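Examination of the molecular architecture
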Amino acid sequence: MAEPRIGVVGATGAVGPVVLELLAERGHGDVRAFASGRSAGSTVTYGDRELEVEEATTEVLAAGDLDLCFFSVGTGPSSELVPAAVEGGAVCIDKSSAFRLVDGVPLVVPEVNGDAAETHQGIVANPNCSTIQLMCALAPLHEAVGLRSVRVATYQSASGAGIDRMDELRSKAPADGNVDMDWPLEGDEFEEEAKLRAESRKILGLPGLPFSATCARVPVLVGHSQAVWIETEDRLTPEEAAEILATAPSVTVAEHPTAKDARGRDDVLVGRIRPDRAGEGLALWVVCDNLRKGAALNAIQIAELLLERQALAA
Ligand SMILES: NC(=O)c1ccc[n+]([C@@H]2O[C@H](COP(=O)([O-])OP(=O)(O)OC[C@H]3O[C@@H](n4cnc5c(N)ncnc54)[C@H](OP(=O)(O)O)[C@@H]3O)[C@@H](O)[C@H]2O)c1
């Protein structure tokens with residue numbers, strides 16, 4: 001394909017500008033920025049120039065002049081706008097949870113299940129930020145020795161909840177910097193916890209994987225941290241796990257990585273690999289920049305995979 005015509009919907013949020021930054025770094029020339037009517041006419045930075053923000057309407061997106069569309073809007077707007085862009089002939093990479101668990105829609109972390117992207121019918125779903133970093137760390141271990149169970153506690157940054165939550169955290173005095181939980185309850189757990197389990201099972205192709213999550217929002221601007229405990233089919237020492245992860249794509253093994261270390265980086269940092277003192281498995285600590293590999297970068301890598309394999313057409 002000649003230079004793809006690219007749309008970035010949600011260009012004024014927390015994730016959209018990172019998508020624009022990564023596209024500009026890669027030298028894409030034909031890029032349009034979209035957001036809601038509230039932002040129409042404003043500008044966003046694209047490399048060394050400014051793009052005027054257009055209102056994303058179903059009519060504009062269905063007009064047929066986009067090949068590839070990155071959506072970084074909420075589930076409501078995505079549910080309405082993505083099908084319009086698909087109708088217009090664009091392949092859509094959607095970061096909301098609107099389509100992630102829909103049968104037939106691939107949910108993709110390229111390093112883990114990249115081949116699934118090629119089965120798309122116009123939509124490829126980008127997993128939740130917490131799911132992406134967890135999959136980068138656990139899929140190589142699963143491939144080596146088989147996962148038997150996963151327990152995870154997350155410490156998720158304010159930026160994971162969008163640009164308004166980032167502004168809220170920035171504007172508060174540090175002593176008053178606490179942030180609230182912001183996920184709806186689904187039965188007796190947060191929706192975020194159920195998403196993390198369901199998405200991980202879909203990506204790994206392990207529908208019955210025992211998986212327990214506790215998610216928390218913490219007053220950190222960027223970077224999600226996770227404490228993870230796994231049991232595996234075959235026993236694995238911490239040294240063997242570190243060896244496997246050292247050669248895994250997008251993973252760097254580090255001693256005691258923090259969210260601050262992860263900020264601005266493209267890789268997932270895994271450290272504190274040690275025996276689980278309460279069981280037979282391992283404990284790990286996983287951190288990642290949720291706006292980059294946890295969102296924008298993963299979406300760009302999906303697009304690059306589709307372009308490389310000439311799989312952009314639905
Ligand atoms: N933040 C993360 O770390 C992360 C990671 C993975 C996935 N995600 C997902 O990615 C999506 C975007 O997240 P975010 O954190 O960037 O959110 P955000 O900061 O709240 O930004 C939302 C963006 O969507 C636009 N928007 C809202 N309603 C719209 C509509 N009806 N039509 C067109 N555009 C509309 C907003 O434009 P206006 O400025 O005009 O309102 C803004 O550009 C969400 O689905 C989120 O769950 C986020």
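Small disclaimer: the values here were computed from a predicted structure and weren't measured.

1. Points about the pairing of strand β12 (residues 224-232)
Along β12, 7 of the 9 residues are buried, which leaves the element largely enclosed by surrounding structure. Relative to β12, strand β8 (residues 147-156) is paired through 8 bridges, and the arrangement is antiparallel. Looking at the pairing, threonine 154 lines up with glutamine 226 of β12. Where β12 meets strand β15 (residues 282-288), 7 bridges bridge the pair, whose relative direction is antiparallel. The residue of β15 that forms the bridge with tryptophan 229 is alanine 283.

2. Some remarks on the environment of valine 228
Tracing the backbone shows valine 228 in strand β12. Setting aside chain neighbours within four positions, we find valine 228 in contact with Leu134, Leu138, Val150, Arg151, Val152, Leu282, Ala283, Leu284 and Val286.

3. Section: the packing of aromatic side chains
Going through the model one piece at a time under the given rule, you end up with 2 aromatic pairs. A ring pair is formed by tyrosine 155 and tryptophan 285, whose centres lie 5.7 Å apart and whose planes are at 45°; its orientation type is tilted. With tyrosine 155 in strand β8 and tryptophan 285 in strand β15, the pair connects residues that are 130 residues apart, well separated along the chain. The class of tyrosine 155 is partly exposed, set by a relative accessible area of 34%.

4. Observations regarding the site of the ligand
The environment of the ligand is formed by 27 residues, the closest being Thr12, Ser36, Ser39, Val73 and Ile163. Interatomic distance of 2.9 Å between a backbone N/O atom of alanine 14 and an oxygen atom of the ligand. Contact with the protein chains covers 79% of the free accessible surface of the ligand, which is 900 Å². A majority-of-atoms criterion places the ligand in the largest pocket. Of all the elements in the fold, those that place two or more residues in the shell around the ligand are α3 (75-87) and α10 (292-308). The residue inventory of the shell around the ligand, partitioned by class, reads 12 nonpolar, 13 polar and 2 charged.

5. Side note on the layout of surface pockets
In this model, the largest pocket occupies a volume close to 830 Å³. In terms of lining residues, the largest pocket is bounded by 34 residues, among which Val73, Gly74, Gly160, Ala161 and Gly162 are the most central. Those elements that place two or more of their residues in the lining of the largest pocket are α6 (163-171), α7 (191-204) and α10. Top element by residues in the lining of the largest pocket is α7. It accounts for 3 residues. Its residues placed into classes, the lining of the largest pocket shows 11 nonpolar, 15 polar and 8 charged. Taken as a whole, the second largest pocket encloses approximately 300 Å³ of empty space. Thr12, Ala35, Ser36, Arg38 and Val73 are the residues nearest the centre of the second largest pocket, which is lined by 13 residues in total. Looking at the lining of the second largest pocket residue by residue, the class counts come to 5 nonpolar, 7 polar and 1 charged.

What counts and what doesn't
Residues numbered from 1 in each chain as written. Predicted model: local features only at pLDDT ≥ 70, side-chain atom pairs only at ≥ 80, totals over all residues. Heavy atoms only, no water. Buried < 20%, exposed > 50% of the residue type's maximum accessible area, 1.4 Å probe, protein only. Helix = DSSP H or I, 4+ residues; strand = E, 2+ residues; numbered from the N terminus. Pairing = 2+ DSSP bridges. Contact = heavy atoms within 4.5 Å. Phe/Tyr/Trp six-rings, centres within 6.5 Å; stacked < 30°, edge-to-face > 60°. Near = heavy atom within 4 Å. Polar contact = N/O pair within 3.5 Å; in protein donor to acceptor, adjacent residues only side chain to side chain. Areas by Shrake-Rupley, 256 points an atom, 1.4 Å probe, with all protein chains shown as cover. 1 Å grid on protein atoms, 1.4 Å probe; cavity = no way out; pocket = protein on both sides within 12 Å on 5 of 7 lines; lining within 4 Å. Sits in = over half its atoms within 2 Å of the grid points. Nonpolar A, V, L, I, M, F, W, Y, C, P; charged D, E, K, R; others polar. Points joined across faces, edges and corners; volume = space filled by probe spheres on them.

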